[in-house]
Amino acid sequence: MFKKILIANRGEIAVRIIKTCRRMGIATVVVYSEADADSMAVEMADEAVFIGGAPASESYLVADKIVDAVRETGAQAVHPGFGFLSENAGFARRLQAENIVFIGPNPKAIEAMGDKIESKKFAAKAGVSTVPGHVGEIDDTKHAIKIAEEIGYPVMIKASAGGGGKGIRVAWNRKDVEEGFPAVRAEAKASFGDDRIFIEKFIESPRHVEIQVLGDKHGNVVHLFERECSIQRRNQKVIEEAPSPLLDEKTRKAMGDQAVALAKAVGYDSAGTVEFVAGQDRSFFFLEMNTRLQVEHPVTELITGVDLVEQMIRSAAGEKLPFAQKDLKINGWAIESRIYAEDPYRGFLPSIGRLVRYDPPAEGKVADTVIRNDAGVREGDEISMFYDPMISKLSTWAPTREKAIDAMGRALEDFHIEGLGQNIPFLAAVMDQERFRSGKISTNYIKDEFPDGFHGTAPTAFQRDVMAVVATHMHRVLVKRSAPDQLRQEWIVVENGDKRTVRVSDGALEFLGEGRTLRLTGVDWRPGRPTFAGVLDGIPFTVQVRPAAEGFVIRHRAAQGHVLVLTPRSAELHEKLPPKKAADTSKMVLSPMPGLVVSVEVTPGQEVKTGEVVAVLEAMKMQNIIRAEVDGVVKAVNTRSGDSVAADEVLVEFA
């Protein structure tokens with residue numbers, strides 16, 4: 001076994017690998033960039049080597065620097081994590097030539113699966129289901145109909161040179177092909193100067209299901225069942241689970257057997273994932289193979305009890321797999337939520353900055369559930385614009401899917417982050433949705449359920465009760481401290497404009513006029529604390545709380561309310577106050593996110609039309625084009641190329 005391993009990665013995956021190495025008694029080395037000098041991974045590793053500037057192209061992607069760090073520290077092997085150089089066959093070959101062990105598959109397997117055409121050829125030879133289609137020349141409409149009927153409706157008619165959504169039609173029957181084929185051909189010729197067309201099976205409401213495989217250097221390969229990864233936004237996975245609510249035992253076995261066959265066909269000898277697109281009828285077709293550890297591997301570990309990082313290390317060291325397929329069983333259900341530094345209320349724009357507060361839920365066993373949080377950050381750390389915006393991966397395990405979802409909902413309640421935007425309210429909203437809980441999901445889920453973006457959810461009856469009870473409790477604590485003579489039993493609670501009269505007595509809250517009394521117990525809160533935990537009539541909850549100019553802002557999961565607690569006379573006077581007018585920002589172009597100004601495209605005095613580019617901002621490796629929302633003449637430009645800007649900072653003002 002190796003005595004020392006170098007981790008050619010950063011963030012949570014570097015921390016994850018260090019934890020397994022510690023348990024195995026293996027010393028660790030991490031490489032780090034300028035941006036990661038004070039990172040958690042650097043603090044945890046036995047040794048750390050600086051390898052360059054913050055951009056990955058100057059550090060984590062430079063093979064020479066990784067090799068030099070291995071030589072400098074005497075490490076025997078390199079674990080690439082995921083991303084960066086993890087699927088780079090050239091890097092794996094380079095290490096091989098330097099007599100350094102690559103903790104991942106052999107270069108031939110990486111190459112075979114990295115090429116989309118080659119991987120489909122291997123899949124077909126190995127008996128793996130591939131999407132039925134016809135890629136050759138199609139003579140005319142009659143030929144197109146014959147092909148479509150051989151494949152089976154619905155089919156997708158696509159321009160070979162297509163792009164940007166052009167040159168695509170879905171045909172549900174013969175008439176659709178008769179009309180669609182010539183239309184697509186004409187569109188392809190006009191748009192791309194190339195009228196070649198291909199036809200393939202159209203998967204309705206597709207799902208993304210993947211199989212985890214594991215191989216050793218002795219020809220043994222097993223699968224560790226499936227993961228459902230259909231909850232995606234812009235092809236980026238957001239929520240994963242294992243097993244999949246779609247599969248039955250027959251489909252699970254067929255999919256697992258095909259994944260193993262493909263892995264064996266390419267001589268696979270590490271952890272990898274075979275990805276499939278699946279229909280709601282449980283039909284499935286090969287998509288691609290990822291020749292590395294997946295971000296979502298924790299859910300597989302939770303249902304199998306297998307440490308995938310450990311098995312990768314043991315396989316790289318030449319050990320045989322310690323189990324056969326018959327030894328592996330699914331135990332319970334696991335859900336993973338990716339906590340991203342992004343603002344769901346602003347179209348999920350990146351939200352970089354410092355973690356002013358970072359308070360995740362406690363890990364470990366809670367009753368019959370397990371909570372796990374894979375993170376590479378601590379309170380006070382900065383989420384950099386140079387890397388992936390993921391803050392952590394929160395996973396829950398329970399005996400059943402319903403309980404795992406409930407556990408995730410509660411864990412998300414207990415996760416508190418301040419200092420930047422994050423998607424916890426959005427994740428909580430999904431956990432509460434009936435469609436998600438039913439398991440009837442697809443890769444279109446977020447687009448279907450949130451067509452106009454995410455704006456939070458309306459409070460349920462329980463959430464309204466929680467907000468009223470919490471606000472009343474907090475208000476009474478503050479009054480008792482500052483003006484005890486004004487403490488009273490009856491109050492008017494105003495939540496988002498809705499008035500309710502309550503009476504407090506002996507730890508109970510009576511809603512006058514509603515004939516209900518609720519009891520609040522187990523309170524965990526003190527003035528200044530941003531979370532309030534308690535038990536309302538036997539139901540545990542945690543809410544995020546903060547003082548407002550008047551009253552409190554209280555958020556429970558995805559529901560948020562502005563709550564005031566007033567005396568009857570104050571409530572009467574409050575109604576007479578004129579509503580506050582929002583500041584007029586119609587003549588300003590505001591930065592929608594924190595980021596780096598790449599360019600400013602306008603100058604003072606310039607006439608600008610709606611939709612024209614005003615500036616380009618970069619955040620989280622993505623360039624974001626900022627456009628004018630109104631016609632106008634530029635009065636002032638408040639920033640320039642190279643500046644760092646905050647969210648809502650005024651970039652340009654119109655006259």
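This text goes with the structure placed above it.
Please read these numbers as outputs of a predicted model, since none were measured by experiment.

### A look at the overall build of the protein
A tally of helices and strands in the protein yields 17 helices and 40 strands. Here the C-alpha coordinates of the protein stretch approximately 80 × 65 × 55 Å along the principal axes. Of all 655 residues assigned to the protein, the portion counted as buried reaches 52%. Of the contacts formed within the protein by residues at least 6 apart in sequence, a portion of 64% connects residues at least 24 apart. About 28900 Å² of surface is accessible on the protein, with carbon and sulfur atoms providing 50% of the total. Once the 83 positive and 93 negative side-chain charges of the protein are each reduced to a mean point, those two points are 2 Å apart.

### Topic: the sheet that holds strand E4 (residues 77-79)
With parallel pairing, five strands are arranged side by side in an open sheet as E3-E2-E1-E4-E5. Taken across any chain shown, the strands that pair with only one partner, and hence form the sheet edges, are strand E3 (47-52) and strand E5 (101-102). Two strands pair when backbone bridges link them, and strand E1 (residues 4-7) and strand E2 (residues 27-33) are joined in this way by four bridges, in the parallel orientation. Pairing of isoleucine 7 across the sheet is with valine 30, part of E2. This element, helix H1 (residues 11-24), spans E1, E2 and E4 of the sheet and lies at about 170 degrees to E1.

### Brief notes about the sheet that holds strand E33 (residues 588-590)
On the basis of which strands lie adjacent, the open sheet formed by four strands has the order E33-E40-E38-E35 and antiparallel pairing. In the strand order of this sheet, the two ends are held by E33 and strand E35 (607-608), each with one partner. Of the pairings in the sheet, the one linking E33 to strand E40 (residues 650-654) comprises three bridges and is antiparallel in character. Its bridge partner lying in E40, leucine 590 is registered against valine 650.

Reading the values: the criteria
Residues numbered from 1 in each chain as written. Predicted model: local features only at pLDDT ≥ 70, side-chain atom pairs only at ≥ 80, totals over all residues. Heavy atoms only, no water. Helix = DSSP H or I, 4+ residues; strand = E, 2+ residues; numbered from the N terminus. Buried < 20%, exposed > 50% of the residue type's maximum accessible area, 1.4 Å probe, protein only. Contact = heavy atoms within 4.5 Å. Areas by Shrake-Rupley, 256 points an atom, 1.4 Å probe, with all protein chains shown as cover. Lys, Arg positive; Asp, Glu negative; His and termini not counted. Charge placed at Lys NZ, Arg CZ, Asp CG, Glu CD. Pairing = 2+ DSSP bridges. Axes fitted to C-alpha atoms, helices over the stretch in contact; angles between N-to-C directions.

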